Amino acid sequence: MEERELRASIEQVRVGTLSRRRFVQAMVGLGLTAPMAAQMLASAGVAQAQTKTTYKPTKRGGGGALRVLWWQGATLLNPHFAVGTKDQDGSRIFYEPLAVWDPEGNLVPVLAAEVPSLQNGAVARDGRSVTWKLKKNVQWHDGKPFTADDVVFNWEYAADPASACTTSGTYKDIKVDKVDSHTVKITFPKPTPFWADPFVGVRGMIIPKHLFEGFKGAKSREAPANLKPVGTGPYRFADFKPGDLVKGELNPTYHMPNRPHFDTIEMKGGGDANSAARAVIQTGEYDFAWNLQVEDENLKRMEQGGRGKADITPGGNIEHVQLNNTDPWKDVDGERSSLKTKHPFLTDPAVRQALNLLVDRASVQEQIYGRTGIATANFLNEPKRFNSRNTKYEFNVDKANQILEAAGWKKGGDGIRAKDGVKLKIVYQTSNNPLRQKTQAIVKQAAAKAGIEMELKGVVASVYFSSDVANPDTYTHFYTDIQMYTTTMTQPDPETFMNQFTSWEVATKDNKWQGRNITRWRNEEYDKFFRAAESELDPVKRAALFIKMNDLAIQNIVVIPVVLRPAVAGISNRLKGAEQSGWDSNFWNLENWYRES
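Here the structure is a predicted model, which is why all the values come from computation and not from measurement. (Residues numbered from 1 in each chain as written. Predicted model: local features only at pLDDT ≥ 70, side-chain atom pairs only at ≥ 80, totals over all residues. Heavy atoms only, no water.)

Draft legend 1. Quick look at helix H10 (residues 349–357). Considered for burial, the residues of H10 that qualify are Ala-350, Val-351, Arg-352, Ala-354, Leu-355 and Leu-357. In this fold, the buried residues of H10 make contact with strand S12 (318–323), helix H12 (397–406), strand S17 (425–431), strand S18 (453–459) and strand S20 (559–564). Here H10 starts with a cap whose side-chain oxygen sits 2.9 Å from the backbone nitrogen of Ala-350, and that cap is Asp-348. (Buried < 20%, exposed > 50% of the residue type's maximum accessible area, 1.4 Å probe, protein only. Helix = DSSP H or I, 4+ residues; strand = E, 2+ residues; numbered from the N terminus. Contact = heavy atoms within 4.5 Å. Polar contact = N/O pair within 3.5 Å; in protein donor to acceptor, adjacent residues only side chain to side chain.)

In structure tokens:
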């Protein structure tokens, strides 16, 4: 469909001559996702569809214990410090944002009274501001009222560089004003098409001002509530053992009627993905299991038991290999992988090109992931409208050898290539997980045929994804040559997802390794495209900018995409309402979960 036809179709929906459903179906037929179709309509001023719920319980409580498994356990419970999904989800039990993303990419109000739009006048037509009306009569778990003051405080807290928040990129450039006790106005420094980032989804959970205002800035890590949350969510804090257990109990004053259904929630951490899958799908000991990075054949065998199922939800999560642009083996002012260094051989384009040719994506998909991982050449894959057609992947050991040979990397007597006294010896790290270790082995075998020696390093997941700034083995420190993990895409818009290649997001000692740019790659052209996309209100032109960003990262081989990973959860056949969204937390609608007898 040409741009002119696309704009004509959107206009037909706006004036009512084409139904929203038929438009979405047509876009899906063209390869777009439903969330992207919804976002296109919203950008054009078309009111969004209402999210339907089928919640059946007629009273609060009485459902007993909800038991869920996260094989990477939460390590802290402050959403502004969350390092990875485990911390975001652990925090989400207690804390809530103003709105969440449903499976179709629509916004659903939580602490907001309604979703802002062009139609209700809350979204400025020039894209420079958005006004949120807040629900009234919402209480924090300690009985204090939730008001606009809390929202304004969260902006001040996250925007303060001394707080060193992982969410700072969302809040540092905006301004938030209190209009009245239950209304706030966000002002952007320039036209902002993706206004639904602050206070929305996993980066939007709101903490109470009255418990954190004494711990803003340099004292942010000292707040007792970092480990004992007081939120507005369906469950109140009961217990927390970092890396092991998060426990909540029913909130009797929750602001939604007849919710929650369960009397308690136990989020058990640790173990591995295989045992978590068995505990839900095969034995039924647990109700829900997160992130089942398990070989597809094993999942299919487990499903034959009939206690549960593997729920596969489309999204933008990407398993990828990162290449370090800095030297992880040199210490500069107490910091390895410092911006003051360059990697001894990964800055050579020939070495990067060779590594890209040595990752056998097709075999990884066929032999390991099956339904749960699709081989891809792109970092940005979803929604489909942002998927570049300018890239392709190739597995070719002979070609890798030719490139290295031509670039002066010669094999020595030990079979390892070297140049100017530097040998191609690589430490390749990832978290301990059978699928990741098998992927490592496939890459190592191919690399050896090209004269590259790889030392495989596995780190316990609770350590690798830890938020401990003193821990040198976290993925954010990146103290090895290459590493592999999945970056999750938690919104149907790619802006936050793609800021991890911007120069201002580099993870350093100064920001406690909380910056999202882990590879430390910096490129002026990429930064320029990103800044342009931030203020481009035309959705068609904006998509083109994100495709250019993806192509720059791929052409420069900043990362090597391996497989696009749909979200895979284990869900008990008796657990209802736990519909998963590929664009938000696993707990995006936790208040609607219930069990059928």
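Draft legend 2. Inspection of the environment of Leu-590 at higher detail. Of note, Leu-590 is situated in the loop between strand S22 (575–576) and strand S23 (594–595). A sequence separation of 408 residues divides Leu-590 from His-182, and the C-alpha atoms of the two residues are 24 Å apart.

Draft legend 3. Examining the sheet that holds strand S15 (residues 417–419) more closely. Within the open sheet, the three strands sit side by side as S14-S15-S16. Their pairing is antiparallel. Of all the strands in the sheet, the pair left with one neighbour each is strand S14 (410–411) and strand S16 (422–423). Pairing geometry for S14 and S15, over two bridges, is antiparallel. Considered in S15, the bridge of Lys-410 is made with Ala-418. (Pairing = 2+ DSSP bridges.)

Draft legend 4. Up close: the side chain of Asp-287. Tracing the sequence through the fold places Asp-287 in the loop between helix H8 (273–282) and strand S10 (288–289). Every residue in contact with Asp-287, bar those within four places of it in the chain, is listed here: Ala-65, Leu-66, Arg-67, Val-280, Gly-570, Ile-571, Ser-572, Leu-575 and Arg-595.

Draft legend 5. Local environment of the packing of aromatic side chains. Under the definition given, this model contains 29 aromatic pairs. Here Phe-501 and Trp-521 contribute two aromatic rings whose centre-to-centre distance is 6.4 Å and whose plane-to-plane angle is 75°, an arrangement assigned as edge-to-face. Of this pair, Phe-501 sits in the loop between helix H15 (495–498) and helix H16 (524–535) while Trp-521 sits in the loop between H15 and H16, and the two are 20 residues apart along the sequence. A relative accessible area of 2% places Phe-501 in the buried class. You can call Trp-521 buried: its relative accessible area is 7%. These aromatic residues form a ring-pair network of at least three members: Trp-70, Trp-71, Phe-288, Trp-290, Phe-587 and Trp-593. In this arrangement the basic side chain of Arg-221 is found over the ring face of Phe-81, its NZ or CZ atom lying 3.8 Å from the centre. A cation sits over an aromatic face here: Arg-531 above Trp-504, 3.7 Å from the ring centre. (Phe/Tyr/Trp six-rings, centres within 6.5 Å; stacked < 30°, edge-to-face > 60°. Lys NZ or Arg CZ within 6 Å of the ring centre and 35° of its normal.)

Any functional reading would require information beyond the geometric quantities listed.
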